[in-house]
Amino acid sequence: VQLVESGGGLVQPGGSLRLSCAASGFTFSTYAMSWFRQAPGKEREWVARITSAGSNTNYADSVKGRFTISRDNAKNTVYLQMNSLKPEDTAVYYCNAKMSWNEYWGQGTQVTLSS
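Basis of the calculations
Here the residue index of a chain counts from 1 through its sequence in written order. Whole-chain, interface and lining totals are the exception, using all residues; otherwise, since this is a predicted model, local features are given only for residues with pLDDT of at least 70 and side-chain atom pairs are given and counted only at 80 or more. To get the side-chain values, take all heavy atoms of the structure and skip hydrogens and water. In what follows, salt bridge is the name for a side-chain nitrogen of Lys or Arg lying within 4 Å of a carboxyl oxygen of Asp or Glu. For the exposure calls, accessible area comes from a 1.4 Å probe over protein chains only, and a residue counts as buried if that area is under 20% of its type's maximum, exposed if over 50%, partly exposed in between. Under the scheme used here, helices are H or I runs from DSSP no shorter than 4 residues and strands are E runs no shorter than 2 residues, and both carry numbers assigned from the N terminus. Pairing of aromatic rings covers Phe, Tyr and the six-membered ring of Trp, with a centre-to-centre limit of 6.5 Å; geometry is then stacked below 30 degrees between planes, edge-to-face above 60, and tilted otherwise. Throughout this description, the term charge over a ring refers to an Arg CZ or Lys NZ atom that lies within 6 Å of the ring centre and within 35 degrees of the ring normal. What makes two strands pair is DSSP finding at least two bridges between them. Counted as a polar contact is a pair of N or O atoms within 3.5 Å, where, for protein atoms, one must be capable of donating a hydrogen and the other of accepting one, and residues adjacent in sequence contribute only when both atoms are in side chains. The contact criterion used throughout is that any non-hydrogen atoms of two residues lie within 4.5 Å.

Student: Explain the pattern of salt bridges to me, please; I cannot follow it from the model alone.
Tutor: Any two side chains of opposite charge can pair, on the condition that their charged atoms come close. Per the stated rule, a full pass over the model turns up five salt bridges. Here Lys64 ties to Asp61 by a salt bridge, and the two come within 3.2 Å at their closest N and O atoms. One salt bridge connects Lys98 with Glu103, and the closest N-O pair in it is separated by 4.0 Å. Residue class for Lys98 comes out partly exposed when judged on its relative accessible area of 40%. Classification of Glu103 by relative accessible area gives partly exposed; the value is 37%. Each of Arg37, Glu45, Arg66 and Asp89 takes part in salt bridges that share partners, so that together they form one network.

Below, the structure written as structure tokens:
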């Protein structure tokens, strides 16, 4: 099982990034997918979730209206489009797959806001 995040980097406040998470080794289309993030010195927090078929999404209040989660089950990939980025969005972003008792994590990708 692998979840490989990409797309992180250094961006100015107000800018945009799109994160990707490529999955392999499990039946991607049957798993709900989420993004979490962990800022320095803070606990990991949930950011967004999408159901297995992509029909429903949920967001943390801190990112609602700015971030969009989506998935392409044909490509075994989940995305996080991040717009209007703020300094407090600086964190390592992790991809998560969950179905029943099975749960997998990626290694994370760093997003840094800096002017």
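Student: For this particular structure, what's the right way to read unusual backbone geometry?
Tutor: Leave glycine aside and you will find that most residues have negative phi; peptide bonds, for their part, are mostly trans. Notably, Asn76 is not glycine yet its phi reads approximately 55°, a positive angle. Note on placement: Asn76 falls in the loop between β7 (67-72) and β8 (77-82). Its identity as a non-glycine residue notwithstanding, Ser100 has a phi of 55°, on the positive side. With respect to the helices and strands, the residue Ser100 is situated in the loop between β9 (91-99) and β10 (102-105).

Student: Looking at this structure, how should I read the packing of aromatic side chains?
Tutor: Any pair of aromatic rings gets described here by the distance separating the centres and the angle formed by the planes. Enumeration over the complete set of coordinates arrives at five aromatic pairs. With 6.5 Å between their ring centres and 50° between their planes, Phe26 and Phe28 make a pair best called tilted. Overall, the relative accessible area of 13% leaves Phe26 in the buried class. Residue Phe28 is classed as buried on the basis of its relative accessible area of 1%. Ring-pair connections join several aromatic residues into one group, and the members of that group are Phe26, Phe28, Tyr31 and Tyr104. Taking the ring centre of Tyr94 as reference, the NZ or CZ of Arg44 above it sits at 3.7 Å.

Student: Even after reading the chapter, I still don't get the pairing of strand β4 (residues 32-38), so can you show me in this structure?
Tutor: Looking along a regular strand, one sees the side chains alternate between the two faces of the sheet. Most of β4 sits inside the fold, with six of its seven residues counted as buried. The pairing of β4 with strand β5 (residues 45-50) spans five bridges and is classified as antiparallel. Bridge pairing in β5 links Phe36 to Trp46. In sequence, β4 turns back onto β5 through a hairpin of six residues, with Gly41 there showing a positive phi of about 75°.

Student: Would you mind showing me how to read the side chain of Thr77 here?
Tutor: Along the chain, Thr77 falls in strand β8. Taking the relative accessible area as the measure of exposure, Thr77 reaches 9% and is therefore buried. Of note is the side chain of Thr77, whose polar atom sits 2.8 Å from the backbone oxygen of Lys75. Aside from chain neighbours lying at most four places away, what touches Thr77 is Ser20, Cys21, Ala22, Phe28, Arg71 and Asp72.

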